[in-house]
Amino acid sequence: MKKGIVSIVVMIVVICIAPYVLTQCHSGIVFGDASNDIGGTIGGTTAPIIGIGSIVLLYLTLYEQIKFNKRQRIQVFDEQFKSNLFSLLQTQRDIQEKTSGVFHFLGNDLYVEKRKSVNGLNYFKVARKRLAGIYDALDSEKFYGDYDLDSANSFEVSLEDDVLNSVFPTDENRNKYIKEEKRPWRISYINHLYTIKENIYNLYRKLPIDEKIGMGFALFRFKHEEINNYLIHLCHILKFIRENEQLYMSFHYDKKASNQDVYQHFKQFADFVQAQMSQDELLVLFYYSFMNKELQKLIIYYNLLEHLSIQDLIKREHNCNSKIKLKDKISSLLSTKKWTRLKIK
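Report follows, based on the coordinates. All figures in this text were calculated on a predicted structure; none of them were measured in a lab.

## Here we look at a negative patch on the surface
Turning to step 1, where the next piece is worked out: A cluster of acidic residues, D109, E160, D161, D162, E180 and E181, forms a negative patch at the surface.
Turning to step 2, where the next piece is worked out: For the negative patch, the secondary structure elements donating two or more residues are helix 4 (149-164) and helix 5 (171-193).
Turning to step 3, where the next piece is worked out: Inspection of the secondary structure assignment puts E181 in helix 5.
Turning to step 4, where the next piece is worked out: Accessibility expressed as a relative area gives 31% for E181, which makes it partly exposed.

## Some remarks on the pairing of strand 1 (residues 100-106)
Turning to step 1, where the next piece is worked out: Strand direction decides the pairing type here: strand 1 and strand 2 (residues 113-119), joined by seven bridges, are antiparallel. Counted as the bridge partner of L106 is E113 from strand 2.
Turning to step 2, where the next piece is worked out: Taking the residues between adjacent antiparallel strands as the criterion, strand 1 and strand 2 are bridged by six residues.

## Details of the packing of aromatic side chains
Turning to step 1, where the next piece is worked out: What the rule picks out here adds up to 23 aromatic pairs.
Turning to step 2, where the next piece is worked out: Their ring planes at 35° and their centres at 5.4 Å tell us that Y135 and Y287 sit as a pair that is tilted. With Y135 in helix 3 (residues 121-138) and Y287 in helix 10 (residues 279-288), the pair connects residues that are 152 residues apart, well separated along the chain.
Turning to step 3, where the next piece is worked out: With a relative accessible area of 0%, Y135 lands in the buried category.
Turning to step 4, where the next piece is worked out: Its relative accessible area of 0% is what places Y287 among the buried residues.
Turning to step 5, where the next piece is worked out: The interplanar angle of 5° and the centroid separation of 6.1 Å between the aromatic rings of Y263 and Y302 together place this pair among those described as stacked. On the criterion of sequence distance, the pair formed by Y263 in helix 9 (residues 259-275) and Y302 in helix 11 (residues 293-302) is long-range, its members being 39 residues apart. Neither residue differs from the other here; Y263 and Y302 are each classed as buried.
Turning to step 6, where the next piece is worked out: One residue, R242, lies across the ring of Y301, its end atom 4.2 Å from the ring centre.

## A look at the nonpolar core
Turning to step 1, where the next piece is worked out: In terms of nonpolar packing, the biggest core is built from 74 residues, with F217, F220, I241, F266, F286 and L305 touching the most fellow members.
Turning to step 2, where the next piece is worked out: The residues touching F286, leaving out its near neighbours within four places in the chain, are L305, L308, L313, H318, I324 and L326.

## With respect to the packing of helix 3 against helix 10
Turning to step 1, where the next piece is worked out: Across the interface, helix 3 lies against helix 10 with an axial gap of 8 Å and an inter-helix angle of 45°. When the axis of helix 3 is compared with that of helix 10, the two are oblique. Between helix 3 and helix 10 the crossing geometry is left-handed. Side by side, helix 3 and helix 10 meet where L121, F124, K125, R128 and Y135 of the first sit next to Q279, D280, E281, L283, V284 and Y287 of the second.
Turning to step 2, where the next piece is worked out: Of the residues belonging to the contact of helix 3 with helix 10, the class tally is six nonpolar, one polar and four charged.

## Topic: the pattern of salt bridges
Turning to step 1, where the next piece is worked out: Going through the model one piece at a time under the given rule, you end up with 18 salt bridges.
Turning to step 2, where the next piece is worked out: Between K82 and D78 there is a salt bridge; the shortest N-O distance is 3.8 Å. Of this pair, K82 and D78 both sit in helix 2 (residues 38-98), separated by four residues, roughly a single helical turn.
Turning to step 3, where the next piece is worked out: Under the relative-accessibility criterion, K82 is labelled partly exposed at 34%.
Turning to step 4, where the next piece is worked out: With a relative accessible area of 16%, D78 lands in the buried category.

Parameters and conventions
Residues numbered from 1 in each chain as written. Predicted model: local features only at pLDDT ≥ 70, side-chain atom pairs only at ≥ 80, totals over all residues. Heavy atoms only, no water. Patch = residues over 30% accessible without salt bridge, like charges linked within 9 Å, V, L, I, M, F, W, Y side chains within 5 Å. Areas by Shrake-Rupley, 256 points an atom, 1.4 Å probe, with all protein chains shown as cover. Salt bridge = Lys/Arg side-chain N within 4 Å of Asp/Glu carboxyl O. Lys, Arg positive; Asp, Glu negative; His and termini not counted. Charge placed at Lys NZ, Arg CZ, Asp CG, Glu CD. Helix = DSSP H or I, 4+ residues; strand = E, 2+ residues; numbered from the N terminus. Buried < 20%, exposed > 50% of the residue type's maximum accessible area, 1.4 Å probe, protein only. Pairing = 2+ DSSP bridges. Phe/Tyr/Trp six-rings, centres within 6.5 Å; stacked < 30°, edge-to-face > 60°. Lys NZ or Arg CZ within 6 Å of the ring centre and 35° of its normal. Core = buried A, V, L, I, M, F, W, Y, C linked by side-chain atoms within 4.5 Å. Contact = heavy atoms within 4.5 Å. Axes fitted to C-alpha atoms, helices over the stretch in contact; angles between N-to-C directions. Parallel < 35°, antiparallel > 145°, perpendicular 65-115°, else oblique. Left-handed = near helix turned anticlockwise from the far one by under 90°. Nonpolar A, V, L, I, M, F, W, Y, C, P; charged D, E, K, R; others polar.

Here is the structure:
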């Protein structure tokens, strides 16, 4: 716009001073007695200047119009993107609230099977506990086989007699003993629920840690298909954000905007996704990413699990991908205490 104003001013000045320069100064053009049409001569001389100036102004007008159209396209693009994204986020919330399932578990007595129907946030709380049970079964020191109700009942009776005939220093010691004795049976119950056979157990133990994590979640997902819609739609949202970021860059809407500026612009929308998720949902997303590598790349790219900590994981060794940046609550706490001591001093 500034270039256009400067061009107009220069052209006006040239047109205004051209007659004087051509008639009063030595310009190389002779206006003698025979030259009756001085105005025609001057007009013929200044006409090219006016013509060139008109072309420049036309170019600048078209250039500004193109820039305006690009800004309009950016605005329309951004508004459509935001509208579609927030619609997807609302759909994701609706899916989360409607996600429901039934989980089976053993009561205090090994022969008493219970069932619990959960939905919404409670579904993900229970899913977290169930994942812990699956990894406990897969990582157990040996394969405990399948669950048998009659055998469990017989063991419960014998355990009760054993406890009655034993002396424990404290109730805590007694309860710990009972828990340890019942653990193999609870593991065998998980094996029964999630079809963990000995061949699967042996295969799991040979895998690297990242594939172990993916296999454990695959067993959970195979049993609880109701979570598929939630996971698939969540992946779709993250892909939608990434694809629009790439589309924005390919258009070269604003050459002054760096790649980092564009990344930060779209990362804030990925942060909206994270902000809507509970810790239990983030945990489920973490474990699912090990069986969906495309999703894991997006999680790493947008640092989507930055609010999940290492201590939130089912097992600390599951923090096996350094590119997934998880918080360390202990380190943060120690750092805070150190800073507090320094401030006091």
